[in-house]
Amino acid sequence: MTGRTLGTRSLAAAGVGAGLALVTRPRQVADAVAPTYPSSRLWVARLLGARLLVQHAAVLAAPRPAVLRAAAAVDGLHAASMVPLLRSARYGRAARVSGGAAAGTALVALALASERR
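Residues numbered from 1 in each chain as written. Predicted model: local features only at pLDDT ≥ 70, side-chain atom pairs only at ≥ 80, totals over all residues. Heavy atoms only, no water.

Evaluation of the coordinates by the stated rule reveals two salt bridges. Here Arg-27 ties to Asp-31 by a salt bridge, and the two come within 3.0 Å at their closest N and O atoms. Of this pair, Arg-27 and Asp-31 both sit in helix H2 (residues 26–33), four residues apart, which is roughly one turn of that helix. The class for Asp-31 is partly exposed, based on a relative accessible area of 42%. A salt bridge links Arg-51 to Asp-75, with the shortest nitrogen-to-oxygen separation between them at 2.9 Å. (Salt bridge = Lys/Arg side-chain N within 4 Å of Asp/Glu carboxyl O. Helix = DSSP H or I, 4+ residues; strand = E, 2+ residues; numbered from the N terminus. Buried < 20%, exposed > 50% of the residue type's maximum accessible area, 1.4 Å probe, protein only.)

As structure tokens, this is what we get:
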């Protein structure tokens, strides 16, 4: 197994784990990272979790550079969508955590996609 393959699988496994946590335990995740996140919006956390599950399962199933670039694009869009909420008293912390994680994941995925085989 190459370093790129191991890195890709590790990234995808972490994404699947985060997705599962958000789908099955959104309140506990919110309490840990953004305690002021309203319970009435936990459906958003579950939706994000479902997206993470699908996205990272696709990377696990086909750990190719094109799939990594597509996953990075999705994460980049998510990070950009969090920018308007960064200063929100209610949603700011969740936006910073979620957007920052998405930006970081996008950068790692792009780096993995560009590594030579």
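Let's pick the thread back up.
Another aspect to go through is the nonpolar core. Counting 12 residues, the largest nonpolar core consists of Leu-11, Ala-12, Val-59, Ala-62, Val-67, Leu-68, Ala-71, Ala-72, Ala-106, Ala-109, Leu-112 and Ala-113. Breaking this core down by element, the ones donating at least two residues are helix H1 (3–24), helix H4 (65–82) and helix H5 (92–114). Ignoring sequence-local partners within four residues, the contact set of Val-67 consists of Ala-58, Val-59 and Ala-62. With five residues, the next largest nonpolar core counts Ala-30, Tyr-37, Leu-42 and Ala-94 among its residues. (Core = buried A, V, L, I, M, F, W, Y, C linked by side-chain atoms within 4.5 Å. Contact = heavy atoms within 4.5 Å.)

Here the focus is the packing of H2 against helix H3 (residues 42–61). Direction vectors running N to C along H2 and H3 enclose 100 degrees, while the axes themselves pass 9 Å from each other. Classified by the angle between their axes, H2 and H3 sit roughly perpendicular to one another. Facing Pro-26, Arg-27 and Ala-30 of H2, the residues of H3 in contact are Leu-42, Ala-45 and Arg-46. Broken down by class, the residue content of the contact of H2 with H3 amounts to four nonpolar, no polar and two charged. (Axes fitted to C-alpha atoms, helices over the stretch in contact; angles between N-to-C directions. Parallel < 35°, antiparallel > 145°, perpendicular 65-115°, else oblique. Nonpolar A, V, L, I, M, F, W, Y, C, P; charged D, E, K, R; others polar.)

Next up on the list: H4. Along its 18 residues, H4 runs 26 Å from first to last C-alpha, staying within 8% of the 26 Å computed at 1.5 Å per residue. Listed in full, the buried residues belonging to H4 are Pro-65, Val-67, Leu-68, Ala-71, Ala-72, Asp-75, His-78, Ala-79 and Met-82. Around the axis of H4, the buried residues are gathered within 155 degrees of arc, so they sit on the same side. (Expected span 1.5 Å × (residues − 1). Arc of directions from axis to C-beta.)

In this structure the tally under the stated criterion is one aromatic pair. Arranged with centres 5.9 Å apart and planes meeting at 70 degrees, the rings of Tyr-37 and Tyr-91 form a pair that is edge-to-face. Within this pair, whereas Tyr-37 is found in the loop between H2 and H3, its partner Tyr-91 is found in the loop between H4 and H5, the two being separated by 54 residues in sequence. We classify Tyr-37 as buried; its relative accessible area is 12%. (Phe/Tyr/Trp six-rings, centres within 6.5 Å; stacked < 30°, edge-to-face > 60°.)

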